Amino acid sequence: MRAAIFAALITSLAAPVAARDILLNVPIDCDLGTECFIQQYVDHDRSRQAMDFRCSNLSYDTHKGTDFALRSLDQMRRGVNVVAAAPGTVQGTRDGMEDRLYRTGDGDRVSGRECGNGVLIDHGGGWSTQYCHLKRGTIAVKNGDRVNTSTVLGQVGLSGRTQFPHVHMTVRKDGEVIDPFDPDGAIQCGAPSTDTLWQTPPPYRPGGVLDVGFADGVPNFNDVKAGTAGAGRMPSDAPALVVFGYAFGGKAGDRMQLRIDGPEGTLIDDEVEIDRNQAQFFRAIGKKRTQANWPTGRYTGTVVLRRGQREISRVQGETIVQ
């Protein structure tokens with residue numbers, strides 16, 4: 001494919017458009033809110049700050065698309081399909097880039113190919129959608145193919161400039177970026193637009209807990225992100241019982257409550273404050289063993305994310321001590 005067609009990214013938001021010009025479906029084959037989630041939206045702040053269409057922090061400076069993210073790298077390895085958001089014709093593809101976390105110093109490796117492996121679709125009437133960060137070797141379409149909303153384009157991956165497994169979808173009209181959640185660009189923080197480009201608008205989640213797990217010590221963040229940190233069973237002589245909560249959309253001032261309940265009642269219950277905005281983060285609390293063995297049985301971990309007086313997410317996990 002022609003790299004200039006696929007890689008070009010427009011920095012400005014387009015002039016107001018009518019939502020009826022195109023209607024989109026969710027481009028990922030998963031259950032939003034349980035198996036996957038929207039982590040970031042188009043940036044509407046013209047300065048060096050970032051603001052999503054709800055005037056919140058689920059974006060970053062100059063972000064040009066909507067990020068549909070998975071919960072873990074393990075989920076990505078098992079395979080989650082990316083599908084076309086609307087009928088159209090494949091205009092460009094790229095494959096062959098490896099799936100790896102983007103790190104400081106990787107700029108030259110992905111320069112001009114920040115999108116990673118992906119697909120560009122022309123929908124007619126000046127509309128196009130671009131799908132980025134697909135898994136190497138999974139691109140299932142070629143230039144000129146006609147696609148519809150059931151057509152598999154590839155699978156969610158970690159190629160290009162990304163630090164978490166997701167498909168980044170950019171919508172354009174006549175080459176300019178359009179936010180499918182607010183196509184007219186008239187942001188009203190207290191009254192979000194109901195005129196969108198979606199057949200069925202995905203619900204907005206201001207942040208949330210992705211996973212809750214147990215370990216015998218504070219886990220490594222890479223293991224948490226990979227989905228391999230939690231233990232479904234633990235020995236009764238484990239040196240400590242630790243519960244961790246993995247979350248997205250953290251905002252300075254948010255609070256995460258973590259609690260462990262066991263066979264003999266509540267083992268520990270504490271709350272930590274999030275000190276800065278974080279796209280993804282985890283916190284952990286625990287208790288060291290001070291007796292010969294932990295009481296055997298089922299232990300439940302509860303993690304609650306709060307913003308001000310509002311509870312925005314609550315998730316539970318469990319382990320068996322034996």
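One can find the structure itself at the top, above this paragraph.
Here we summarise the structure given alongside this text. (Residues numbered from 1 in each chain as written. Predicted model: local features only at pLDDT ≥ 70, side-chain atom pairs only at ≥ 80, totals over all residues. Heavy atoms only, no water.)

1. Considerations on the pairing of strand E9 (residues 166–173)
Point 1. Counting buried positions over the eight residues of E9 gives eight, a clear majority of the element.
Point 2. Alternating residues of E9 divide into His166, His168, Thr170 and Arg172 and Val167, Met169, Val171 and Lys173, and every residue in both groups is buried.
Point 3. Summarising the sheet, strand E2 (residues 66–70) and E9 pair through four bridges and their orientation is antiparallel. Counted as the bridge partner of alanine 69 is histidine 166 from E9.
Point 4. Sheet topology places strand E6 (residues 127–134) next to E9; six bridges connect them, and they run antiparallel. Paired with tryptophan 127 across the strands is lysine 173, a residue of E9.
Point 5. Where E9 lies against strand E10 (residues 176–178), three bridges are found, and the strand directions are antiparallel. Looking across to E10, one finds that arginine 172 is bridged to valine 177.
Point 6. Taking the residues between adjacent antiparallel strands as the criterion, E9 and E10 are bridged by two residues, where aspartate 174 takes a positive phi near 55°. (Buried < 20%, exposed > 50% of the residue type's maximum accessible area, 1.4 Å probe, protein only. Helix = DSSP H or I, 4+ residues; strand = E, 2+ residues; numbered from the N terminus. Pairing = 2+ DSSP bridges.)

2. Focus on the pairing of E2
Point 1. Judged by how many residues are buried, E2 sits mostly within the fold: five of five residues are covered.
Point 2. Pairing between strand E1 (residues 36–40) and E2: four bridges, direction antiparallel. When the bridges of E2 are listed, cysteine 36 appears paired with leucine 70.

3. Quick look at the pattern of salt bridges
Point 1. Summed over all chains, the structure comprises 11 salt bridges.
Point 2. Between aspartate 145 and lysine 142 there is a salt bridge, with its nearest N and O atoms 3.2 Å apart.
Point 3. As a salt-bridge pair, aspartate 275 and arginine 276 come within 3.3 Å of each other at their nearest N and O atoms.
Point 4. Residue class for arginine 276 comes out partly exposed when judged on its relative accessible area of 46%.
Point 5. Each of the salt bridges in this network shares a partner with another, and the network as a whole consists of Arg255, Glu271 and Arg306. (Salt bridge = Lys/Arg side-chain N within 4 Å of Asp/Glu carboxyl O.)

4. Describing the sheet that holds strand E13 (residues 240–250)
Across a sheet, paired strands are connected by hydrogen bonds in the backbone, their directions being either parallel or antiparallel.
Point 1. Taken in spatial order, the three strands of this open sheet run E11-E13-E16, and their pairing is antiparallel. Strands with a single pairing partner mark the edges of an open sheet, and in this sheet they are strand E11 (208–215) and strand E16 (278–288). Direction aside, the axes of adjacent strands within the sheet are offset by 15° on average.
Point 2. In the sheet, E11 pairs with E13 via seven bridges, with the strands oriented antiparallel. When the bridges of E13 are listed, phenylalanine 214 appears paired with valine 243. (Axes fitted to C-alpha atoms, helices over the stretch in contact; angles between N-to-C directions.)

5. Section: the sheet that holds strand E17 (residues 297–307)
Point 1. Ordered by their spatial adjacency, five strands build an open sheet running E12-E18-E17-E14-E15, and the pairing between neighbours is mixed. The open sheet has two edge strands with one neighbour each: strand E12 (233–234) and strand E15 (265–273).
Point 2. Relative to E17, strand E14 (residues 255–262) runs antiparallel, the two being bridged by seven bridges. Within the sheet, the bridge partner assigned to glutamine 257 lies in E17 and is valine 304.

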